[in-house]
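Here's the letter readout for the chains.
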Amino acid sequence: MAILILDAFSGIEDTLLESHTPDIGGTWVKEAGANGIELKAAGGVTSIKIVDGSGEGHYYNDIANNADGYVQIKITDLPTPDGPIGGIKIRRSAFNNYYFLSLHEVSGVALGKVVNGSSSIFATSPTPPAISDVFNLEIIGVNLKVYKNGTQILSGMDNSHITGKFGVWLSNWGYPNSAAFDDFEAGTFIFPVSNTLGYS
């Protein structure tokens, strides 16, 4: 495993993500038309939350495109009241082309893809995410896997996207408080596959 991006989102509160420098790797780029994401205290640490207001904040890291790899995030706060949380992306070649792991406080976890703006779901898990959960999305070839706290919960196969960048988004559809993420990590694999949390 080779870590390409590592970000604990340490910094001054209210700093927009595009003005924040990751601990390792690249810079954050805000998707056109998306809401902003900023550094905020949550769960006793500095995390990222969507800027006040409704909508979704979508960002990607501008490090070079990768094919096989993983991306992971930790939840440090949940929306109030229950609602959409956000998720992580892999092989993002454009705003409307990527694989995703989507999190929702009521409906649970979904693994899917967006192709030319049209989304489809490969697999779902009804168990709602919780604070301190760590979610990992990985892809090797055409095989996608999702891990929750080290245990595989979803999988899928698809060849729509060959390579791309790593991304993250947060949702806040009219709720007073969005969820918060911390400890973003992304990288490529050195076989045998293993990352810092021991998933394989």
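Now for a description of the structure that goes with this document.

Reading the values: rules and limits
Residues numbered from 1 in each chain as written. Predicted model: local features only at pLDDT ≥ 70, side-chain atom pairs only at ≥ 80, totals over all residues. Heavy atoms only, no water. Pairing = 2+ DSSP bridges. Helix = DSSP H or I, 4+ residues; strand = E, 2+ residues; numbered from the N terminus. Axes fitted to C-alpha atoms, helices over the stretch in contact; angles between N-to-C directions. Phe/Tyr/Trp six-rings, centres within 6.5 Å; stacked < 30°, edge-to-face > 60°. Buried < 20%, exposed > 50% of the residue type's maximum accessible area, 1.4 Å probe, protein only.

Things to note about the sheet that holds strand 8 (residues 97–104)
(1) Moving on: Sheet architecture is open: 7 strands sit in the order 2-5-14-7-8-9-10, paired in antiparallel fashion. Two strands lie at the open edges of the sheet, namely strand 2 (28–30) and strand 10 (118–125), each paired on one side alone. The sheet shows a mean angle of 25° between the axes of neighbouring strands, taken without regard to direction.
(2) Moving on: Examined bridge by bridge, strand 8 and strand 9 (residues 108–115) share 8 bridges and lie antiparallel to one another. Within strand 9, the position partnered with L103 by the bridge is V109.

Topic: the packing of aromatic side chains
Each aromatic ring pair is described using two quantities: the centre-to-centre distance and the angle formed by the ring planes.
(1) Moving on: Applying the stated criterion across every chain, the model contains 6 aromatic pairs.
(2) Moving on: Measuring from ring centre to ring centre gives 6.4 Å for F9 and W28, while their planes differ by 35°; the resulting arrangement is tilted. One end of the pair, F9, is in the loop between strand 1 (2–7) and strand 2; the other, W28, is in strand 2, with 19 residues separating them in the sequence.
(3) Moving on: Residue F9 is classed as buried on the basis of its relative accessible area of 0%.
(4) Moving on: A ring pair is formed by Y98 and F100, whose centres lie 6.3 Å apart and whose planes are at 70°; its orientation type is edge-to-face.
(5) Moving on: For Y98, a relative accessible area of 9% translates into the label buried.

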